[in-house]
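The residues making up each chain are set out below.
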Amino acid sequence: MRVAIISDIHSNLQALTAVLRSIGTRKVDAIYCLGDIVGYGADPATCVELVRKECKASVRGNHDQAVALDHGLDWLPKDARKAAIHNRLALSDAQLEFLGRLEYTHVGDGFTFVHASPKNPHQWTRVESLHVALDQFEAFDTEICFMGHTHLPAVLSDKMGVLRVREGNRYLINVGSVGQPRDHDPRASYGVFDSDSFHYELVRVPYDVEGAIDRIKSERLPRRLGKRLRVGE
Ligand code: ZN
C-alpha cells in the first residue's frame, strides 16, 4: 500500500493545489492529513473542502483548534492570532464543525497519525530533541508514526545509527509542511510511504509562492506571513 501524508497546510491554497497535483502523479492508495489545515494563510475554506474531499482521515492541529474552538488562541503569536480570527470568519459553520471534531490521533492502514506528538498529543509538544523523540515511541503501537507541527522534515528512529527507513526499526517521521515550510526551502513538502517495500520519500514541490503572498495581501493579513513563505521560515 502507498500512502501520501500531508501536514500544516495553513490555508495556503496555492501550495495545497500543487501538492495534490503532485500526489496525483504517484498513484497512492490514500492521503492522510496531519492537521493545521487552517491558520496563517488566506484561503481556509477551500483548503478545508479539499482536505475533506481528498483525505481518508485528518487529525487535529493546534491552529485548527484555535480557529474552530478558540482553544489556545491566546498562546499563538500575534500574527497567527490575527490570521486565526480572519480564518474563523471565512469558514462556514459546517467547516468549523468539521475542524472542531477532528481527533487528536488516528490509527489506520497500520500507521499512527498525529499532529505534534503521539504522547499527550493535546499538549502540542515539539519533537525536536533526541530526548523528547525517544520518549514518544512507547506512546504508539505501529511501526511508524507520522507527525508534523514543527514544519521541519525529519526521520527519527528508535535506535541510534539507523540512517534510512528500513524494516525492523520503528520510526517517527515528520513530513514537513505543505503551506509554510520552515527549513529555508520554500517548496511545499509532503511524504510518500510504501508499506510493501518499506520505502519512504520526502517530496518537495515548487508552487506559486507569489500567488499565496498576493492572497495574504488582499485579505489584509500581516505582511510578514507572506514574506516568510518566500524564504521558507
Ligand atoms: Zn503548523
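Residues numbered from 1 in each chain as written. Predicted model: local features only at pLDDT ≥ 70, side-chain atom pairs only at ≥ 80, totals over all residues. Heavy atoms only, no water.

**With respect to the overall build of the protein**
Along the protein, the regular secondary structure elements total eight helices and ten strands. Its C-alpha atoms give the protein a radius of gyration of 16 Å, within 12% of the compact-globule value 17 Å for 233 residues. Pairs at least 24 residues apart make up 70% of the contacts formed inside the protein by residues separated by at least 6 positions. Total accessible area on the protein stands at roughly 10,500 Å², and carbon and sulfur atoms take up 50% of it. Across the protein, 30 positive and 31 negative side-chain charges occur, with their mean positions spaced 6 Å apart. (Helix = DSSP H or I, 4+ residues; strand = E, 2+ residues; numbered from the N terminus. Rg over C-alpha atoms; globule rule 2.2 N^0.38 Å. Contact = heavy atoms within 4.5 Å. Areas by Shrake-Rupley, 256 points an atom, 1.4 Å probe, with all protein chains shown as cover. Lys, Arg positive; Asp, Glu negative; His and termini not counted. Charge placed at Lys NZ, Arg CZ, Asp CG, Glu CD.)

**What to know about empty space enclosed by the protein**
With the rule as written, the count across this model stands at one cavity of 30 Å³ or more. As a volume, the largest cavity reaches approximately 80 Å³. Around the largest cavity, the lining is made up of 15 residues, and of these His 10, Asn 12, Gly 41, Ile 216 and Leu 229 lie nearest the centre. Of all elements in the fold, only α7 (209-218) and α8 (223-231) reach the threshold of two or more residues within the lining of the largest cavity. In terms of residue count, the dominant contributor to the lining of the largest cavity is α7 (three residues). (1 Å grid on protein atoms, 1.4 Å probe; cavity = no way out; pocket = protein on both sides within 12 Å on 5 of 7 lines; lining within 4 Å. Points joined across faces, edges and corners; volume = space filled by probe spheres on them.)

**Re the packing of aromatic side chains**
Overall, the coordinates contain eleven aromatic pairs when judged by the stated rule. For the pair Phe 146 and Phe 193, a centre-to-centre distance of 6.2 Å together with 65° between the ring planes defines the contact as edge-to-face. Here Phe 146, found in strand β6 (residues 144-147), pairs with Phe 193, found in strand β9 (residues 188-194); they are 47 residues apart in sequence, far enough to count as distant. There is no split in this pair, since Phe 146 and Phe 193 are both buried. By way of ring pairs, the aromatic residues Tyr 32, Phe 111, Phe 113, Phe 146, Tyr 171, Phe 193, Phe 198 and Tyr 200 are connected into one cluster. It is Arg 170 that lies over the ring of Phe 140; its NZ or CZ is 4.5 Å from the centre. One residue, Arg 228, lies across the ring of Tyr 40, its end atom 5.5 Å from the ring centre. (Phe/Tyr/Trp six-rings, centres within 6.5 Å; stacked < 30°, edge-to-face > 60°. Buried < 20%, exposed > 50% of the residue type's maximum accessible area, 1.4 Å probe, protein only. Lys NZ or Arg CZ within 6 Å of the ring centre and 35° of its normal.)

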